[in-house]
Amino acid sequence: MSRHRRVLGVAGVFAATVALAGCGGASMLDPKGSEARHIAGAWWVMFGLAMFVYVVVAVFIVGAVLRGRRRRRPEGSGISDGAFVWVGGIIVPALILFVIAVVTVDTTAALRKPDRRALRVDVRGQDWWWEVRYPGTGIRTANELHLPVGRPIEVRLTSDNVIHSFWVPQIGGKVDVIPGQPNYFRFTIEKAGLYRGVCAEFCGVQHANMAFYVRAESPGLFDRWEAAHAQPPSEPADELAAQGALVFQRVACAGCHTVRGTQAVGTKGPDLTDVGSRHALAAGTLENSAASLRRWIADPQHYKPGALMPQVPLSGDDLTKIVAYLTSLK
Amino acid sequence: MSTALDPVGTVPRTISVAAPPPARHEGYGRGFWGVAILIATEGMLFLALVATYFFLRAASTSWPLGGIEPPEIGVRAWVFTALLLGSSVPIFWADAAVKQGDYRVVRVALTISSLMGAAFLVNTVLDFRDLTFGWDTNAYGSIYYVIVGLHATHVGAGLVISAVVQIKLWMGLIDAEHHTAVEVFSLYWHFVDAVWIVVFASVFISPHLR
Amino acid sequence: MATITRPEIVDDVLSDERLEEIWKDPPGFIGFLKTVDHKRIGIRYIYTAFVFFFASGLLALVMRLQLAGPNMGVLSPEAYNEFFTMHGTSMIFLFNTPVLAGFGNYLLPMQIGTRDMAFPRLNAFSYWVFVFAGIFLYASFLVGSPPNGGWFAYTPLTDRVYSAGQNLDFWGLAVVFIGISTTVGAVNFLVTTIKLRAPGMTLNRLPVFVWSMLVFSFMVVFSVPVVTTAAGLLELDRLFGTQFFVPALGGSTLLYQHLFWFWGHPEVYILFVPAQGMVSMIVPVFSRRALAGYVWVVASLVAIGFISFGVWVHHMFATGIPPLAISFFSAVGLVIAIPSGIQFFAWIATMWKGVVELTTPMLFALGFMLIFLLGGITGVMVSVLPFDWQVTDSYFVVAHFHYVLNGAVVFPIFGAVYYWMPKMIGRMLSERLGKASFWTMFVGFNLAFFPMHILGFLGMPRRVYTYQSGLGWDALNLLATIGAFVFAFGVLLSLVNFVWARWRGAPAPPNPWQADTLEWMTASPTPEYNFAQIPVVESRHPLWDQDPMPVSESGGDPETRALGREGAARKETPLTSGMRAEPAGAMTVPEPTYLPFVLALGIAVLVAGLLVQAVLIGVLGLVLGAVGLVRWTWRTAETP
Ligand code: HEA
Ligand code: HEA
Ligand code: CUA
Ligand SMILES: [Cu+2]
């Protein structure tokens, strides 16, 4: 019967889902962090139960229809109405729900536990980008977190504007970034790599372009990165870049952006001290290359309409210099 | 099963029977039920606001916020509270009297109750004038104004309804059969008084307890 | 029952034709404005709600076009945000709730065997308020500033600081405005069921749909004031500078979320419970067998009503509330699966031993089951705290709530349209077209919304106006868009079916489905007075078990006069009291009147005045409203 086939079809799609989700790019079912791994584990248990429930109940529905279609008058059957309700509606669901409750408690208990040794990172949600600081080191950056593999990490999330939500599917679940209430996200990363995260709470026009990246490195690499970036960047070596630095100070840029160790100390926009080393630009809106940097600065509103960076009138020459300068900031 | 495609409907056969015997008159009329349920929604409104009050309080380190003094609960506050709660007593008389058809008592009782309510309202307005903060000062100011103000509005509305009932009495629109208006008003007025107990306890007394 | 008298040759004065004349509305537009007939109002509720369904559905289709591929330019970011906000808001407030109220309006008095609602004018009033609120909300498109803060309008994004225009004022005021309509509607349903049941219609004989409307009303009464508070305080913040939700001055953004979801969660069951009630009416009729486990089903509906007030925090799992506090809500969320499970197996048991007939309403009921099963299961999944941390605010949740809202609510509503429309318009809808529509909708629905689960796993957050390629989202989104259009085509088939039937359909007999409840006693469409003689109910399935169906004669005394033709001729409908619904006097159904319209208009003007902050307009509205109100209560005094 077509209904039978449809049930099988649904199950098939489910299986395909899983296959797809399991090997896709940034799937939460391809966990690289402690929290995501626990949750994926819980998911597989729930998925099994869900398949069981769906198939059994759907078979009963279809079965009932098929039985009912064959008859001309109502008749009894071996199963009483009470049995249906008690067994199907109460006892079996209660057992399954009990298992799910256990899984819930078990998983929750393992997650987000405070740890004194944790590496602390402060992240602030801005409209529409992420400000990142490493307390005690002076390091400030944006839209990218460098984190060590294997060490407990505590991300402190704050906002002084609207609500955002911090989500890296392969590392763990969401934590809302709420004005007036610092939240903490605690986890460890289990494998080195570059993981994409997004803002998951609707926060205005450019909520869609508020992504960020987590660069998980071995502890050694991370320590080296940290040590290197605790210092302000050295003077631009290359001539064009040095001129770019001057233009950058002269036109409006420095009013909104900081480059540590220079006179650019603006805070309206992302810290650009290491912008050249970032994976992407403008919170995941553009890939990071000289070409796209140029396009961004020339017309930010084209790529991110409504973003809080205005178009600053620049001659082509100045633009080239600024781009050279910014790409040199690693 | 052909019925699926061309339904052959049936006309139910009916027979007339004698009317079933009436019940003893008991319970409330539909007007009463309607207003009672509407009042339940009003109750939820106040409940939500009182919950808001305590939520804001729990979320802040000092209460009232921003160095505002807790509301005074001196003799005056108690007297006017007593006055408002006391104004429910004449309503009980009115309730009883209307069933006996003694409309003079109803009128007098309603008048006394209205005067007490009006006195309370005047006091509330004066209280507002003395406040050192506005609704826009901070969240405390906001919730204070909204709760106390909304309650005062209810007292005011009660006075208007009471006046309407008076006019109806006067015009002879209320009699032994038709007294839903009185019933409904008394329900409303008791409700407004009960809400005051909650408001007084939470907005006026609770800031002194910590 | 007592003595059964021979049907008498009725006096010419009290013939059906005469009654019709007595009950008829004035002709034309005047009658349109003045009517207080619950059936006209009910049908009109349904039609109006469907207009909003098409409007918000079209918004969704445009959204789907924008999301069909990466970096599409169909909609600007602002427009997209306005679209999804209006889509969600108007689906919930202007389609789903009112369409159910419409069915309730039409069916509830008929199913309990009376001639109108307890407060017919209030009923008209709640309709007009709904219409004005809908027009008000959609008027935002005309002035170019539709709401854009999402259907739950979280602060501080929706504060003046971050949303300066009037966009959010439209939203906040509309929510308060339409709350009035929903609330008085609920009062009406409750009092009607308490006071107006036909003799013998005891509580355990109430049709399940009536029960579901009772639960609906109960939830409305206790939850809607809270969303009124949320939206009201938001508007106070925005218009008058209070500080409820401004963190810097002691306000709290989480407070807003608590207030909103304290209503928001019950709301989704407010939508869902009557839909389940409809299924419980349809399944037994097309199984030719009484609903199995009636008491269980009713108890489940009531239980859902209660439990739904205890789980609102599951919409706030990621807000950083301590896990211990939250785990309570997680557990309650799981418990709510049991009443749904009970109903599932009651339906299964009913069909198991019945004679199943696959008519269009039945197909929609079955489609509902297969869809809601999945939506319910994903609901249980998201109520698991850590799992929800992953999928909240992602397309997984969008999938969940479309499986339940669009699947578990819209499918039963379509079933109900096919099932009850013959009664309402007196014409049969085409079964062939109906079935074609069902299958198209069913396939399109799953095509549109199933892929969204996977998108959630792949990290796609909701409310994004665009996305980049290379994230593995492209194909699935395209699939969803195609599905949405297939679904919409299915809807269109039903629309065509309806339009065709409305003018060309075969005339409907009184009881085309051989159903068991009282609404099928009357001619189709139902005459203005519903029942010339009020039925005397002795069974849960009167039209199946009571043959012939007894209807009462007017008694000699005023207590029982309303039961028969004499009462009908006086435009009375009987009041009953007690559990057994014994006759206890009568109420007079009021004459058609402009008052409800005027009062609603007054409120609309007041709201508009608030929007543009013009005191004069506001005062005008107040005066208009007050005049209407006073006039109204006056009339009540004369005809209590
Ligand atoms: C009609 C509307 C409707 C219905 C019926 C439901 C039903 C359920 N919903 Fe859903 N929900 C919504 C509408 C609805 N929901 C909406 C609109 C949102 C999103 C709002 C927004 O953010 O915009 C939402 C969001 C939502 C969330 C928040 C997700 C998030 O934002 O992170 C949660 C979390 O717990 C949840 C849970 C549930 C549960 C447990 C049920 C249960 O009632 C389901 C119970 C039913 C079954 C389980 C199936 C039948 C049962 C059996 C056959 C028995 C056997 C089964 C088992 C043992 C599993 N829902
Ligand atoms: C009852 C509720 C309901 C219903 C039925 C629907 C129906 C649909 N929804 Fe909706 N949806 C919500 C409630 C609902 N939705 C809510 C509450 C939200 C959250 C909003 C928020 O985040 O704030 C949401 C969000 C939402 C999103 C997520 C937006 C985002 O997060 O960015 C999407 C995306 O695809 C979507 C799609 C659809 C589609 C394709 C349909 C389809 O079913 C629509 C089908 C199309 C039609 C019904 C139109 C038919 C018209 C014709 C056939 C033509 C006839 C026309 C005339 C005669 C004029 N919806
Ligand atoms: Cu920040 Cu969405
Ligand atoms: Cu919910």
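Residues numbered from 1 in each chain as written. Chains lettered and ligands numbered in written order. Predicted model: local features only at pLDDT ≥ 70, side-chain atom pairs only at ≥ 80, totals over all residues. Heavy atoms only, no water.

Draft legend 1. Focus on the interface of chain C and chain B. Taken together, the 73 residues of chain C in the interface contact 56 residues of chain B. Summing the contributions of chain C and of chain B, the shared interface buries around 5600 Å²; its carbon and sulfur component is 72%. On inspection of chain C and its partner chain B, the count reaches 1 salt bridge. In this structure, B:Arg13 and C:Asp547 form a salt bridge, with 3.5 Å as the shortest nitrogen-oxygen distance. Joining chain C to chain B, the criterion identifies 12 residue pairs in polar contact (both at pLDDT 80 or more). Counting only elements with at least two residues in the side of chain C that touches chain B, the list comes to helix 6 (167-195), helix 7 (208-240), helix 8 (253-285), strand 1 (549-552), helix 18 (558-561), strand 2 (572-577), strand 3 (582-588) and helix 21 (615-638) of chain C. No other element matches helix 7 of chain C, which puts 9 residues into the side of chain C that touches chain B. Inspection of the sheet shows strand 1 (residues 14-17) of chain B paired to strand 1 of chain C by 4 bridges, in the parallel sense. Across the sheet, B:Val17 pairs through a bridge with C:Ser552, a residue of strand 1 of chain C. (Contact = heavy atoms within 4.5 Å. Buried area = accessible area lost by both parts, 1.4 Å probe. Salt bridge = Lys/Arg side-chain N within 4 Å of Asp/Glu carboxyl O. Polar contact = N/O pair within 3.5 Å; in protein donor to acceptor, adjacent residues only side chain to side chain. Helix = DSSP H or I, 4+ residues; strand = E, 2+ residues; numbered from the N terminus. Pairing = 2+ DSSP bridges.)

Draft legend 2. Fine view of the site of ligand 2. Residue and element names in this part refer to chain C. As a structural note, the neighbourhood of ligand 2 is formed by 33 residues, with Tyr80, His87, His402, Asn406 and Arg463 the closest of them. Between ligand 2 and the protein, one listed contact pairs an oxygen atom with a side-chain N or O atom of Tyr395 at 3.4 Å. A distance of 2.7 Å separates an oxygen atom of ligand 2 from a polar backbone atom of Arg463. Listed by contribution, the elements that provide at least two residues to the shell around ligand 2 are helix 3 (38-67), helix 4 (77-111), helix 14 (395-425), helix 15 (431-457) and helix 16 (474-504). When its residues are assigned to classes, the shell around ligand 2 shows 23 nonpolar, 7 polar and 3 charged. (Near = heavy atom within 4 Å. Nonpolar A, V, L, I, M, F, W, Y, C, P; charged D, E, K, R; others polar.)

Draft legend 3. Spotlight on the interface of chain A and chain C. Listed by partner, the interface residues are 88 residues for chain A and 80 residues for chain C. Interface area, chain A with chain C, both sides summed: about 7300 Å², of which 72% is carbon and sulfur. Together, A:Tyr54, A:Ile61 and A:Phe202 form the three largest contributors to the area buried by chain A at its contact with chain C, with a combined 9%. Where chain A packs against chain C, one counts 2 salt bridges.

Draft legend 4. Representation of the site of ligand 1 in the model. Among the 34 residues in the neighbourhood of ligand 1, the closest are listed as C:Trp151, C:Tyr269, C:Asp388, C:Thr392 and C:His400. Around ligand 1, the neighbouring residues derive from chains A and C rather than from a single chain. The side chain of C:Tyr269 places a nitrogen or oxygen atom 2.6 Å from an oxygen atom of ligand 1. Within the side chain of C:His314, a nitrogen or oxygen atom sits 3.0 Å from an oxygen atom of ligand 1. Broken down by class, the residue content of the shell around ligand 1 amounts to 22 nonpolar, 10 polar and 2 charged.

Draft legend 5. Here's a closer look at the coordination of the iron atom of ligand 2. Residues and elements named next belong to chain C. Within the protein, the atoms that donate to the iron atom of ligand 2 are His87 (NE2) and His402 (NE2), at distances of 2.0 Å. Coordination at the iron atom of ligand 2 comes from 6 donor atoms whose angles at the metal span 88 to 179 degrees, giving a geometry best classed as octahedral. With His87 in helix 4 and His402 in helix 14, this residue pair connects regions lying 315 residues apart in the sequence. Of the residues examined, His87 reaches a relative accessible area of 13% and is grouped as buried. (Donors = N, O, S within 2.8 Å, 3.2 Å for Na, K, Ca; no water. Tetrahedral: all angles 85-135°; square planar, octahedral: opposite > 155°, others 65-115°. Buried < 20%, exposed > 50% of the residue type's maximum accessible area, 1.4 Å probe, protein only.)

Draft legend 6. Inspection of the sheet that holds strand 4 (residues 144-148) of chain A at higher detail. Residues and elements named next belong to chain A. On the basis of which strands lie adjacent, the open sheet formed by 5 strands has the order 4-10-9-6-7 and mixed pairing. Of all the strands in the sheet, just strand 4 and strand 7 (175-177) have a single pairing partner and so form its edges. If you compare each strand with its neighbour and ignore which way they point, the axes differ by 25 degrees on average. Pairing analysis gives 6 bridges linking strand 9 (residues 193-199) to strand 10 (residues 211-217), with the strands arranged antiparallel. Across the sheet, residue Leu194 finds its bridge partner in strand 10, namely Arg215. (Axes fitted to C-alpha atoms, helices over the stretch in contact; angles between N-to-C directions.)

Draft legend 7. Structural detail: the packing of helix 1 (residues 30-58) of chain B against helix 5 (residues 139-170) of chain B. Residues and elements named next belong to chain B. Orientation of helix 1 relative to helix 5, taken along the N-to-C sense of each, is 160 degrees, at an axis distance of 10 Å. Between helix 1 and helix 5, the angle falls in the class roughly antiparallel. Where helix 1 crosses over helix 5, the handedness of that crossing is left-handed. Note on element contacts: helix 5 touches helix 1 through Ala139, Tyr140, Ile143, Val146, Ile147, Leu150, His151 and His154, opposite Glu42, Leu45, Phe46, Leu49, Val50, Thr52, Tyr53 and Leu56. Of the residues in the contact of helix 1 with helix 5, the class split is 12 nonpolar, 3 polar and 1 charged. (Parallel < 35°, antiparallel > 145°, perpendicular 65-115°, else oblique. Left-handed = near helix turned anticlockwise from the far one by under 90°.)

Draft legend 8. Quick peek at the packing of aromatic side chains. Residue and element names in this part refer to chain C. The full count for this structure, using the stated rule, is 114 aromatic pairs over all chains. Seen in terms of ring centroids, Phe344 and Trp347 are 5.7 Å apart; in terms of plane orientation they differ by 65 degrees. Their pairing is edge-to-face. Of this pair, Phe344 and Trp347 are both found in helix 11 (residues 337-352), 3 residues apart, which corresponds to roughly one turn of the helix. Each member of the pair Phe344 and Trp347 is classed as buried. (Phe/Tyr/Trp six-rings, centres within 6.5 Å; stacked < 30°, edge-to-face > 60°.)

Functional significance is not addressed by these values, which are geometric in nature.
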